[in-house]
Amino acid sequence: PESFRLGSVGRPVSGVEIRIDPSARPDEQTDEAGADENVQESHAYDENTLEEYGEILAKGPNVFEGYLNLPEKTQDAFTEDGWYRTGDLGYLDEDGYLFLVGRRSTMLVTEGGENIQPDTIEEAYEQSPVIREAGVLQKDEKLVGLFVPDLGEIRNRGMDDVEEALREAVSTRSKNLPSYQRVSDHAVTRKALPRTRLGKIRRHVLRDRYDEAKQQAEAGGGIQQTPLSPDEMGDEDRALLSNRAARQTWDWLARRYEDFPLSPDSSPQADLGVDSLEWLNLTMEIRQRIGVELDEEAIGRIDTVRDLLREVTEAAEGGKAGPGMEALENPEEMLTEKQKRWLNPLPPALSGIARGLFALNRFLVRSLFGLEVQGLSNLPEEGPYLLTPNHVSYLDPFAVAAALGYPRLGNTYWAGWVGVAFNNPLFRFGSRLARTVPIDPEKGVISSLAFAAAVVKRGKNMVWFPEGMRSPEGNLLPFKPGIGFLLNKYPVLVVPVAIKGTFEALPVGRFRPRFWKITVRFGEPVDVASLKEEGEAGNEFHTRIADELWAHVSRLLKW
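Peer 1: Break down the overall build of the protein for me, citing the residues and quoting the values.
Peer 2: When you go through the protein residue by residue, the secondary structure sums to 23 helices and 17 strands. Considering the protein as a whole, with its 559 residues, one finds that 50% of them fall into the buried category. Look at the contacts in the protein between residues 6 or more apart in sequence, and 68% of them connect residues 24 or more apart. Element-wise, carbon and sulfur atoms account for 49% of the exposed surface of the protein, whose accessible area totals about 27900 Å².

Peer 1: Account for the environment of Ser431, naming residues and giving values.
Peer 2: Along the polypeptide, Ser431 turns up in helix α18 (residues 425-433). Given the relative accessible area of 6%, Ser431 is considered buried. C-alpha separation for the pair Ser431 and Tyr413, spaced 18 residues apart in sequence, amounts to 9.9 Å. For Ser431, the residues in contact, after removing those within four places along its chain, are Ala421, Phe422 and Thr436.

Peer 1: Lay out a nonpolar patch on the surface with the relevant residues and their values.
Peer 2: Where nonpolar side chains cluster on the molecular surface, the patch consists of Ile353, Leu357, Leu360, Phe363, Leu364, Leu368, Phe429 and Phe515 and spans about 770 Å² of accessible area. Overall, the relative accessible area of 44% leaves Leu357 in the partly exposed class.

Peer 1: So, unusual backbone geometry: which residues are in play, and what are the values?
Peer 2: The step from Gly383 to Pro384 runs through a cis peptide bond, and the omega angle for that step is 5°. Summarising the element assignment, Pro384 is placed in the loop between β11 (372-374) and β12 (385-389). Positive phi, close to 55°, is recorded for Asp140, a residue that is not glycine. Non-glycine residue Glu141 carries a positive phi angle of around 65°. Summarising the element assignment, Glu141 is placed in the loop between β8 (131-139) and β9 (142-149).

Peer 1: Can you break down the sheet that holds strand β10 (residues 185-188) residue by residue, with the values?
Peer 2: What the three strands build is an open sheet, ordered β8-β9-β10; its pairing is mixed. Every interior strand has two partners, whereas the edge strands, β8 and β10, have only one. On average, adjacent strands in this sheet sit at an angle of 25° to one another, irrespective of strand direction. Across the sheet, helix α5 (residues 162-174) touches β8, β9 and β10, and the angle it forms with β9 is around 130°.

Peer 1: Tell me what's going on with the nonpolar core, and back it up with residues and numbers.
Peer 2: Residues Leu343, Leu386, Val437, Met462, Trp464, Ile483 and Leu487 are the most contacted members of the largest nonpolar core, which totals 34 residues. At the level of secondary structure, the elements contributing two or more residues to this core comprise β13 (412-417), β14 (436-439), α19 (445-457), α20 (482-489), α22 (528-534) and α23 (541-557). No other element matches the seven residues that α19 contributes to this core. Once residues within four sequence positions are removed from consideration, Leu386 is found in contact with Val456, Met462, Ile483, Leu486, Leu487, Val492, Leu493, Val494 and Val495. Formed by 30 residues, the second largest nonpolar core is a distinct cluster that contains Val365, Leu379, Val400 and Leu404.

Peer 1: Lay out the environment of Gly523 with the relevant residues and their values.
Peer 2: Position of Gly523 among the secondary structure elements: in the loop between β17 (519-522) and α22. Here the alpha-carbon distance between Gly523 and Val497, two residues 26 residues apart in the chain, equals 6.0 Å. With residues up to four places along the chain from it excluded, the contact list for Gly523 reads Asn378, Val495, Pro496 and Leu556.

Peer 1: Any details on the side chain of Glu548? Residues and values, ideally.
Peer 2: Summarising the element assignment, Glu548 is placed in helix α23. Taking the relative accessible area as the measure of exposure, Glu548 reaches 8% and is therefore buried. Sequence-distant contacts of Glu548, that is, excluding residues within four places in its chain, are made with Leu531, Glu534, Gly535 and Arg555.

Peer 1: Can you break down helix α3 (residues 118-126) residue by residue, with the values?
Peer 2: Residues spaced three or four apart along an α-helix point in a common direction, a consequence of the helix completing one turn every 3.6 residues. Within α3 the residues assigned to the buried category are Pro118, Ile121, Glu122, Ala124 and Tyr125. All buried residues of α3 lie within an arc of 160° about the axis, which places them on one face of the element. Those residues of α3 that are buried lie in contact with β6 (108-109), β7 (115-116), β8, β9, α5 and α6 (203-218).

Peer 1: Please set out the sheet that holds β14 residue by residue, giving values where relevant.
Peer 2: Pairing is mixed across the open sheet formed by seven strands, whose spatial order is β11-β17-β16-β12-β15-β13-β14. Strands at the two margins of the open sheet, each flanked by one partner only, are β11 and β14. Between one strand axis and the next, the sheet turns by 20° as a mean value, whatever way the strands run. Both β13 and β14 contribute to a ladder of four bridges, which runs parallel.

Peer 1: Summarise the pattern of salt bridges; cite the residues concerned and give the values.
Peer 2: Charged atoms that come close allow side chains of opposite charge to pair. All chains considered together, the criterion is met by 26 salt bridges. With its nearest N and O atoms 2.7 Å apart, the salt bridge here joins Arg19 to Asp81. Of this pair, Arg19 sits in strand β1 (residues 17-21) while Asp81 sits in the loop between α2 (71-77) and β4 (84-92), and the two are 62 residues apart along the sequence. You can call Arg19 buried: its relative accessible area is 7%. When the shortest N-O distance is used, the salt bridge between Glu332 and Arg458 registers 2.9 Å. Here the residue Glu332 occupies a position in the loop between α12 (326-329) and α13 (337-340), and Arg458 occupies one in the loop between α19 and β15 (461-463), the gap between them amounting to 126 residues. Judged by its relative accessible area of 25%, Glu332 falls in the partly exposed class. What you see here is one network of salt bridges that share partners, running through Arg132, Asp150, Asp237, Asp265 and Arg306.

The rules behind each value
- Residues numbered from 1 in each chain as written.
- Predicted model: local features only at pLDDT ≥ 70, side-chain atom pairs only at ≥ 80, totals over all residues.
- Heavy atoms only, no water.
- Helix = DSSP H or I, 4+ residues; strand = E, 2+ residues; numbered from the N terminus.
- Buried < 20%, exposed > 50% of the residue type's maximum accessible area, 1.4 Å probe, protein only.
- Contact = heavy atoms within 4.5 Å.
- Areas by Shrake-Rupley, 256 points an atom, 1.4 Å probe, with all protein chains shown as cover.
- Patch = residues over 30% accessible without salt bridge, like charges linked within 9 Å, V, L, I, M, F, W, Y side chains within 5 Å.
- Salt bridge = Lys/Arg side-chain N within 4 Å of Asp/Glu carboxyl O.
- Pairing = 2+ DSSP bridges.
- Axes fitted to C-alpha atoms, helices over the stretch in contact; angles between N-to-C directions.
- Core = buried A, V, L, I, M, F, W, Y, C linked by side-chain atoms within 4.5 Å.
- Arc of directions from axis to C-beta.

See the structure below:
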């Protein structure tokens, strides 16, 4: 330990001898008769030949005597005078320190005669955050690469085109390499690179994988648009799927998202569109099908499908169980005292402030955007009922609030995303005045559901945006089936709401509103029984409810 040299694996331990055979380089022809004559021991190096490398030969009590009953293989593994051919390439410096260069079997020789180790180049390309794996090989005497993208990192960077993201990454990393180490062409695959049990790339299989990826790209297939097969995953993910619960979860997800390029790197939130109530849908399905239940703390740790499989594995092995459908039976029991305060009535002082702010909001929306309200008489005289508007702009809740009038707002709560409505003290104060309850699509599945159920159970009305997000193009997005769980348990009347003009006034990505006429139209109330009966999306009540409710809002938007 007290004697080391950076970049070196050290000096031979006592009793072990090491020497170098330069004649065994991949670019030089070696015959068995002349090989030993060219073997150089460490003391044979001088200052001008320190980095002359070759195959590392070893002798000592740590070296095996040969293969049992395989004399020909034993002969190939040893020199005539008994030195073991390690297959590793390296060199010794003047002090006897051994430096590794690579493997003899994997060394590539370029057109210019340079000897390069592919794993060195692979490590250089894998330094790019968007490249999960890199495999380098020779094709028609040119260096080419097969790359596995890190889809999660590409998604986090806001890039939609995977091939383009890889092209940029390869180009950037190539600039840091000598010209003879740069790949001249590359292919992209979602399949994990073929590896041995020790994690080494199976290079004899790499060429076929490269050709396969190239053919798929030339045929216009691009990145595969179906779930990744377990056989195409890396060792870590295959090991994860060896757990029965994790494998059942993956197989179910693959069937559920059969037309999506599902992989362990997929994000439930960003790729699969899983919002707070949809998390409930997933966790209920997992409990029913696999027999394990994920609690809210576990859900908060899930960023990828791989994380989901790990949580399922731990829950199955640990016999963990968390709150589920009981959140619908006794929702307020699932909330902390701090959370319950969002449900409490406003004290007189805050109620006065809220009334004043409502009047200001109504004046601004009516005067600046020419608010027109249609179908207000369709609202039930008494609650509870749910209002389900489309969602295209941050102006939507202000437009609906101005259309409802303060008497109705006094009995109405709003579902507000924590990332906006509760982002800072000022917004939290405004949310309290507006009777907004916090909805966390990523972590608060149980509490989000409990908030909604508690509002309805208290006989209050609630405004819920079923799309779960603002539509970036202004079109009506599919409704998350999670809302069906709530309505299936609490079959209150539902009032579909259509908002027009807010997208033109303040679309996604715009920060300064334009003065554009806004119209809010309230549809006729719909009972849950008819939603179940008329919905056509699947056999489950919650999906049929969401599907038919979407159809009602869609028809309202076409007036």
